[in-house]
Amino acid sequence: MLRRIRCSNAAPQALGRALDNSSGRRNIKSLTVEHELHKVEPKAKMPQVIADPGYKYKEGMVYHGFQCERIEHNSDFGLVSCSLRHIGTGTEFWYIDRNDTNNVFSINFRTPPVDSTGVFHVLEHLALCGSKTFPVRDPFFKMLNRSVATNMNALTGADLTVYIFSSRNEVDFRNIQRIYLDSVFRPNLLYLDFLQEGWRLEHKDLHNRNSELMIKGIVYNEMKGTFSENSRVFRKSLMGNLLPKLAYRNVAGGDPPEIPNLTHAALIEFHRKYYHPSNARIFCYGSFDLMQTLSFVNREYLMHNDFKDTYYSRIPLHPRWSQPRHVHIPCRMNNMGASIDRQNQIGVALLMCDRIDVQECFELNVLTELLIRGPNAAFFKGLIEPNFSGGFNKNTGYYFTSRDTYFAVGLQDLRAEDFAKFNELFQQTVQKTIQEGFEPQHIESVLHKLELSVKHQSADVGSVLLYNSMTLWNHGGDVVANLRVSEMIGKLRNSLKENKNYFQEKVAKYFLNNPHKLTVTMTPDELYDENLKRAERQLIVKKVKDLNADDLEAVFQNGIKLEASQKAKENTDVLPCLSLKDVQQPLKFPQVTDQLIQDVPTQLCKVPTNEITYLNCLFNITGLSPEDAMLVPLFCNVIKNIGTIKHSFREFDKLVLSRSAGFDFKVKVVEDVKDGKSYRTGLLMTTYALDKNVPNMFALCDELLLNFRLEDTDRLKMLIESYVSKLSLGIAFSGHLYAMLGSAALVSDAAKLKSLLSGVDHIDFMKKYVQQNSTEQIRDRLRNIGSKAFSKSNMRVAINSSEAFQPTALEHYENFLKNLPTLENMSVKRELQLFEPSCRHYVMNIPVNYCAKSFFAVPYLHEDHPVLRVLAKLVSARYLMPVVREQNGAYGTGARIGYDGLFNFYSYRDPHSTKTLDVFDKTYEWLLAINEKLNQQMLFEAKLGVLQLVDWPTAPGEIGLDYFILGVSYEEYCKYRSRVLSVTVDDLRTVIEKYFKEEPNHIGKFILGPRREELDGNQRLCKYILNVTKYF
Ligand SMILES: [Zn+2]
């Protein structure tokens, strides 16, 4: 997993968004007056539920230079919110006191970009390249190996920059806190780091003055990668053209042609101005002592600073248009997508309300759910069901990323001739909605979903709370009011009761009578890439023309200096590090018990679930024919959306969402963790519901599993087309995962099956299959899957519920089982086959590569597995990061060994392909070279890197699922963990000789990237003959 994927557009998506709302509309005029009086930004004060008078902190008191302004208890999330403000600098500090050990800390700055050079994005990178107290290049990555943080990230949004981390270990928490604070307030911002992270001119061959000059740089390449996704090109245009008078017209992450206009001097100036404590907001969440944090922040960073008026970073509301507008843009052709004449997109965006209007944003979010999600939504009926597109595009939803929020809805994969049809249908849908209104049961299902999402606990509650409020906070909104979800729901219910046309009036106001409306159309251009390349070449020529002989010499020397600094040994001793005693104890989990109930193996877990019961049913489908197995992912997508004998798909959707969290189906291929010689394929169904709805939840399971109905072929056809249309989305974003699936697929048949079910092979297969088979033929196949899979005899079940509710849950579970049929047992597992070595180049029309190499080592419970896992961390941190990322310019890279026993190398957004595979191949040489230098500290850091993953936080609903799905028990987890901690340098040396000295017998290499002639036919790629993938 890439631990630091920085987003240039930080949008809390999906369910999280449901909570991202605000209220407390402030009067802008009174704001200025208040501002004069207090010299700080005011904060709306709302009527509130005051905390228990005995609470440890008091409003009005001063703690280490911070005045406590407001304390409020919130029962929705079981927390106390304390708003503080630093007296000297005006820095806002939001503390959430909650009985949760996964503590979170973040520092946010308001950073509206003034151009598209990506200055704040480069600054975000550069701040983490060493500071006064920690003068170490990239302490961020170095700390990944000296800590057990559960999250470390930094991101640049449309108008803010966020540095966030979380940890459950207090020593660790204090360590990282020191680094983060020093990084943002006292960074070194060195010129060489600017060249590395931002952009630079550099000779293709560093040591040859005559070789051609290129533009390099991590952010430069990262943004090229970002805009290789058409959906990002679309969003850039949508936001920029909807808000053209504000900072949002600029690309916060940086537009590649503009990035080379950024200078180091400008960056330093921006830091001085925007990273001033008065422009900072600090967030702290969890159970660790607040006073220590306040005292440290005040003493080290704030008390010697003055207040600075931050008017320059404020963002006003956008002036409203009197006329709608339209823009048309070109995009890249997607060679994995639909046919070229269908690769167009269209979208409409409408400006909504002020971000700081908490209640209004909340209600517009509910309205968006009603309009867009599921088969009962008006836009779904109006735009998707006529079936002339590949479904909603990725820029559909309600967006909180700017001061003015906006709604957007769009379609992908349609013909340009149908643009007019979209516009017509959009208008018709709006009018029809205003006339007909919304069904009460539909509204109820959306409100229920919200209520359930408040009760449902994720593993990182603190981060979710911040993400849901950070843009609101950034504009000075009332984040505390934003936590009162029950109250907002209550207010909305009242409004709906008092006014039957409440939502219709909102639709009329925001959708019908709103001239601030932008339509964006996008059409693929065969010359798109060529044009970009030409523009880049021209840019280089222009840059070079401006250089005199001295400048050119400096370019050459900088390249050499940068290389030398990348290769120089650093003194990382200044960085804090945990010690062995800090991490000795394994985490405690509630025990799971196994029972046989009506012959069904059932795992039970008693855990505080906040009045929710979680259900997982795993059906063994190993015995399905390969042809059927290939369609299981489609089956997973179709079954929950097609309706049942009793209920049409529309009714079923309403029922499900008003009584449960909905159904999720996934296919699982699981290798044996003990001997690694066999594997199983499973179909996992997951759902959960409030305890009071558990009888309904099981009734819905029965209905779905026994009575799913595929007769509606129109509906089925649409679901299939939409499924296929969305398959290739996101490949560029998760390209390293696709590349690893691809390389692993060349190693074993189980891994090949995974690629056929979820990798690039799945996309190819599905596109072909759908072309060659009629909807009726596909329907029969899908029906076959359900009738073979859903039986008691093929099923195992896991139920997580509170101790008090478990007996009731079991009663309803037994009733559910009684109705399920008993069929013939499927074969339990398949023998694992390993393949001969091979390589593959998968051509995709993107400007960067994703490379991977896999070989078969040992299964999870083999005693060498923990040693190899530690070694993988060591190789990632000490070899791949310095070479593949820092020297060769890939955005990310790493090595890891999975549960399946496959040892993988990968690179992410990589300018190179074969060069990176060569680096992977030279791992043994590197290991030999450092053999003598292997020491305890290196080893310990690698172990911590592994512990981060082994001790990854688990949400209450997911406790015990590793055991359930993979078969790894708590005892085995503890044993594995202690083996990780006890690995010695000699153990490492043994596995290096055993697994790396000789080329392994089963190995695969994979490049996902643009066409390169020298790779055609794979002569250059490797010495093996291409293994052509066959679909069984
Ligand atoms: Zn970045």
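What counts and how
Residues numbered from 1 in each chain as written. Predicted model: local features only at pLDDT ≥ 70, side-chain atom pairs only at ≥ 80, totals over all residues. Heavy atoms only, no water. UniProt positions renumbered as here; feature names shortened; annotations may be inferred. Helix = DSSP H or I, 4+ residues; strand = E, 2+ residues; numbered from the N terminus. Pairing = 2+ DSSP bridges. Axes fitted to C-alpha atoms, helices over the stretch in contact; angles between N-to-C directions. 1 Å grid on protein atoms, 1.4 Å probe; cavity = no way out; pocket = protein on both sides within 12 Å on 5 of 7 lines; lining within 4 Å. Points joined across faces, edges and corners; volume = space filled by probe spheres on them. Nonpolar A, V, L, I, M, F, W, Y, C, P; charged D, E, K, R; others polar. Donors = N, O, S within 2.8 Å, 3.2 Å for Na, K, Ca; no water. Tetrahedral: all angles 85-135°; square planar, octahedral: opposite > 155°, others 65-115°. Buried < 20%, exposed > 50% of the residue type's maximum accessible area, 1.4 Å probe, protein only. Contact = heavy atoms within 4.5 Å. Arc of directions from axis to C-beta.

### Section: the UniProt feature "domain: Peptidase M16C associated" (unreviewed entry) in the chain
The UniProt entry lists residues 522–769 under the feature "domain: Peptidase M16C associated" (unreviewed entry), expressed in the numbering used here. Between the end C-alpha atoms of residues 522–769 the distance is 28 Å, and the span holds 48% helix and 19% strand.

### Topic: the sheet that holds strand E14 (residues 404–414)
The strand order E11-E15-E12-E14-E13 describes an open sheet built from 5 strands, whose pairing is mixed. Each edge of the open sheet carries a strand with a single partner, namely strand E11 (325–331) and strand E13 (397–399). Along the sheet, successive strands turn relative to each other by an average axial angle of 25°, direction set aside.

### Concerning empty space enclosed by the protein
Enumeration according to the criterion identifies 9 cavities of 30 Å³ or more in this entry. Of the voids in this model, the largest cavity is the one considered here, and its volume is about 350 Å³. Together, 26 residues line the largest cavity, and Glu229, Asn230, Asn334, Ser728 and Leu729 are the ones closest to its centre. Taken together, the residues that form the lining of the largest cavity break down as 9 nonpolar, 14 polar and 3 charged.

### Some details on the coordination of the zinc ion
Every protein donor of the zinc ion is accounted for by His121 (NE2), His125 (NE2), Glu222 (OE) and Glu222 (OE), and the metal-donor separations fall at 2.0 to 2.6 Å. One way to put it: the 4 donor atoms around the zinc ion meet at angles of 54 to 155°, and that makes the site irregular.

### Some thoughts on the environment of Gln887
Tracing the chain through its elements places Gln887 in helix H30 (residues 864–887). Judged by its relative accessible area of 25%, Gln887 falls in the partly exposed class. A C-alpha to C-alpha distance of 9.9 Å links Gln887 and Ser565, two positions 322 residues apart in sequence. If we ignore the near neighbours within four places in the chain, the residues touching Gln887 are Gln566, Lys567 and Pro882.

### Concerning the sheet that holds strand E27 (residues 1003–1009)
Pairing is mixed across the open sheet formed by 5 strands, whose spatial order is E23-E27-E24-E26-E25. Looking at the sheet topology across the chains shown, the edges are occupied by strand E23 (838–843) and strand E25 (892–897). The average angle at which neighbouring strand axes cross in this sheet is 10°, direction not considered. When strand E24 (residues 850–856) meets E27, the two strands line up antiparallel, connected through 6 bridges.

### A short note on the pairing of strand E20 (residues 678–690)
Strand residues, when the strand is regular, have side chains that alternate between the two faces of the sheet. With 11 of its 13 residues buried, E20 lies for the most part within the structure. The pairing of strand E18 (residues 612–620) with E20 spans 9 bridges and is antiparallel. Bridge pairing in E20 places Phe619 opposite Leu683. Where strand E19 (residues 664–671) and E20 come together, 8 bridges link them in antiparallel fashion. When the sheet's bridge partners are listed, Val670 is paired in E20 with Arg680. Connecting E19 to the antiparallel partner E20 that follows it, the hairpin turn spans 6 residues, and Gly676 within it adopts a positive phi of roughly 65°. Relative to strand E22 (residues 830–831), E20 runs antiparallel, the two sharing 2 bridges. Bridge pairing links Tyr679 to Arg830 in E22.

### Quick look at helix H9 (residues 264–274)
Every buried residue belonging to H9 is among His264, Leu267, Phe270, His271 and Tyr274, and all of these are buried. Relative to the axis of H9, the buried residues are bounded by an arc of 120° and lie together on one face. Elements in contact with the buried residues of H9: strand E5 (103–110), helix H3 (119–127), helix H5 (170–185) and helix H6 (191–197).

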